[in-house]
Amino acid sequence: MSVSTAASTAAVAAADQPACRDTTASLPVLGRDVTVPLVTGGEVTYAALDYAASAPALQRVWDDVAAYAPYYGSVHRGAGYLSQLSTDLFENARRTVEEFLDCRDGDQVVFTRSTTDSLNLLAAALPADCQVFVFETEHHASLLPWRDARVTYLNAPRTPGEAVATLERALSERDLHGPALVCVTGASNVTGELWPVRELAAAAHAHGARIVLDAAQLAPHHPVSVRELDVDWVALSGHKLYAPFGSGVLAGRADWLTAAEPYLAGGGASRKVSRRVDGGVDVEWHESAARHEAGSPNVIGAYSIASACKALTEAGFDTLVAREQQLIDTVRAGLAEVPEVRVLSLFGDDAPRVGVISFVVEGWNSSHFAAALSAEYGIGVRDGLFCAHPLVRTLLGSDPQTQGECGAPEAAPGEKSLNAIRVSFGAGTPDEHVERFVRAVKELVRDGAQWNYRTVEGRCVPAV
């Protein structure tokens, strides 16, 4: 039996289980039956509504990884059967991701640790004197890596058209003789709103710039085609794509990556190493994706991303998007019935979006509200600035330069806080979870919390 045949029959056996192919409702995810205690007594099935931070792993992904685990071996190292099988699995995972992202001929798929790692890798590969353009609305993973480049930060636009016009204006004023890169999100991790990626890519290319797409929030919810969007690179994280932590992807044009020094120096990135007469060392680096994958690669992470890509493709994004839109409509309609709730938005109520919604509640500290949702209803949401400080502060109408933390500030229950609450969901979310969330918001605003809370190390927790 060949290595590839063994991989398809043994390591991927769990992928053929019918229970993992159910597309009539939500895709089965780990933790869907976990129960948690309530401070008011009893237990309830946990409603995980923090997908924008980390989506639960698909059951299909976990089963695939479990089936492969006994065959685990070193990748690209060793003549043994398991090493060959693992290498085959790893490179097949790369091809699966290429297909999932509809990459062009000649594009490279580099496996990384996360979106943050992917964008820092690209930042390290920028040509000399490269100018980077990035909106203040970006997640910190997209906002901060460009420390060695000339960076132009663009103000938050209020319409998709304004985003394109703002970028075109900034690019028209740049030095046309130097390289330039635009970094933009596909879907906001704060508002869930979709950005005009294709139009921004056209504007970038018209002015001789390249563009990288932060697809961390987009890829789990909508198909991402490198060809159709005409982006030069795309970055994403496995832990938002229904795969376990610790894996990511940077996919796109090879030239800047091949010309750059390896992101990490070490085994795997080097093709040939020899001693010089003067006692030094000469190194010939790989020109393939291996150039930036030094060390023993995260085989399970790469395989889990590929498994998630297959599961989403087989489920059909048309089906997934339609169902998610129903959940979005349920949440937005429910929140609209509560006058004290203000949903945060850049582009307005009619803007298309994924299942990410942030809001504030009049008279409530956001940390207090999130703590009550968890302790009294078994609902997990996020509160804070969502690692997008300038954007959240702009949306809240505060000074974008005000210092803040990703978590909740030191504010007691009932005090005003300069942060927000975020509810997020996706392919694994049952209808009951969003229905419970809407009911809980209405009850908390109407009746108040049933328990007393206190602030401990910046977090609002039930008083014991």
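What you are looking at is a predicted structure, and each value in this text was computed from that prediction instead of being measured.

Rules behind the numbers
Residues numbered from 1 in each chain as written. Predicted model: local features only at pLDDT ≥ 70, side-chain atom pairs only at ≥ 80, totals over all residues. Heavy atoms only, no water. Buried < 20%, exposed > 50% of the residue type's maximum accessible area, 1.4 Å probe, protein only. Helix = DSSP H or I, 4+ residues; strand = E, 2+ residues; numbered from the N terminus. Pairing = 2+ DSSP bridges. 1 Å grid on protein atoms, 1.4 Å probe; cavity = no way out; pocket = protein on both sides within 12 Å on 5 of 7 lines; lining within 4 Å. Points joined across faces, edges and corners; volume = space filled by probe spheres on them. Axes fitted to C-alpha atoms, helices over the stretch in contact; angles between N-to-C directions. Contact = heavy atoms within 4.5 Å. pLDDT = per-residue confidence, 0-100. Salt bridge = Lys/Arg side-chain N within 4 Å of Asp/Glu carboxyl O.

*Asks:* What should I look at first to understand the pairing of strand 17 (residues 420–424) in this one?
*Replies:* Two faces make up the sheet, and in a regular strand the side chains alternate between them. In terms of residue burial, strand 17 counts as a mostly covered element, since five of its five residues are buried. Judged by which residues are buried, strand 17 turns out to be covered on both faces: A420, R422 and S424 on one side and I421 and V423 on the other are all buried. By the bridge criterion, four bridges tie strand 14 (residues 356–361) to strand 17 in an arrangement that is antiparallel. Considered in strand 17, the bridge of S358 is made with R422.

*Asks:* Looking at this structure, I do not really get the layout of surface pockets. What am I missing?
*Replies:* The probe, sized like a water molecule, is rolled over the atoms to show the empty space still left. When its volume is computed, the largest pocket comes out at roughly 390 Å³. As for the largest pocket, its lining consists of 20 residues, and the residues nearest its centre are R198, L218, H222, P223 and L229. Residue assignment for the lining of the largest pocket shows that the elements contributing at least two residues are helix 7 (197–206) and helix 8 (226–229). At three residues, the largest contribution of residues to the lining of the largest pocket is made by helix 7.

*Asks:* How should I be thinking about the sheet that holds strand 5 (residues 131–135) in this particular structure?
*Replies:* In sheet architecture, strand pairing relies on hydrogen bonds along the backbone and comes in two forms, parallel and antiparallel. Taken together, the seven strands give an open sheet; going across it, the order is 4-10-9-8-7-5-6, and neighbouring strands pair in mixed fashion. The sheet is open, and its two borders are formed by strand 4 (108–112) and strand 6 (150–154), each paired with just one other strand. Neighbour-to-neighbour, the strand axes of the sheet open up by a mean angle of 20 degrees, direction not taken into account. Bridge analysis of strand 4 against strand 10 (residues 248–252) gives five bridges, and the strand direction is antiparallel.

*Asks:* Explain the side chain of H222 here, please?
*Replies:* Tracing the sequence through the fold places H222 in the loop between strand 8 (210–214) and helix 8. Other than its neighbours up to four places away in sequence, H222 contacts L194, F317, V321 and V354.

*Asks:* Where do I start with the confidence of the model for the protein in this structure?
*Replies:* Predicted coordinates in areas of low pLDDT are best not read in detail. Per-residue pLDDT for the protein has a mean of 90; in total, 91% of the residues score no lower than 70. When the criterion is pLDDT under 50, residues 1–24 qualifies, and its contacts beyond four places in sequence or with other chains add up to 44 contacts. Segment residues 403–410 is flagged for pLDDT under 50; beyond a separation of four residues in sequence, or across chains, it makes 27 contacts in the model.

*Asks:* How should I be thinking about helix 2 (residues 59–68) in this particular structure?
*Replies:* Residue pairs spaced three or four apart in an α-helix point in one direction, given the helix's 3.6 residues per turn. Burial runs high along helix 2: eight of the 10 residues are buried. Where helix 2 is concerned, the buried positions are Q59, R60, V61, D63, D64, V65, A67 and Y68.

*Asks:* Is there a simple way to explain the environment of D148 in this structure?
*Replies:* Following the sequence through the fold, D148 ends up in the loop between helix 5 (140–143) and strand 6. Residues D148 and A124, spaced 24 residues apart in sequence, show a C-alpha to C-alpha distance of 8.1 Å.

*Asks:* Teacher, can you tell me more about unusual backbone geometry here?
*Replies:* Glycine aside, residues mostly have negative phi angles, and peptide bonds mostly take the trans form. Non-glycine residue H76 carries a positive phi angle of around 60 degrees. The topology assignment puts H76 in the loop between helix 2 and helix 3 (81–100). Unlike most non-glycine residues, C387 shows phi in positive territory, near 50 degrees.

*Asks:* How do you make sense of the pattern of salt bridges when you look at a structure like this?
*Replies:* Any two side chains of opposite charge can pair, on the condition that their charged atoms come close. Enumeration over the complete set of coordinates arrives at 20 salt bridges. Where E314 meets R60, a salt bridge forms, and the shortest distance between an N and an O atom there is 2.9 Å. Here the residue E314 occupies a position in helix 10 (residues 299–315), and R60 occupies one in helix 2, the gap between them amounting to 254 residues. Ionic pairing is found between D107 and R104, a salt bridge with its closest N-O pair at 3.1 Å. Given the relative accessible area of 10%, D107 is considered buried. If you follow the salt bridges from partner to partner, you end up with R60, D64 and E314 in one network.

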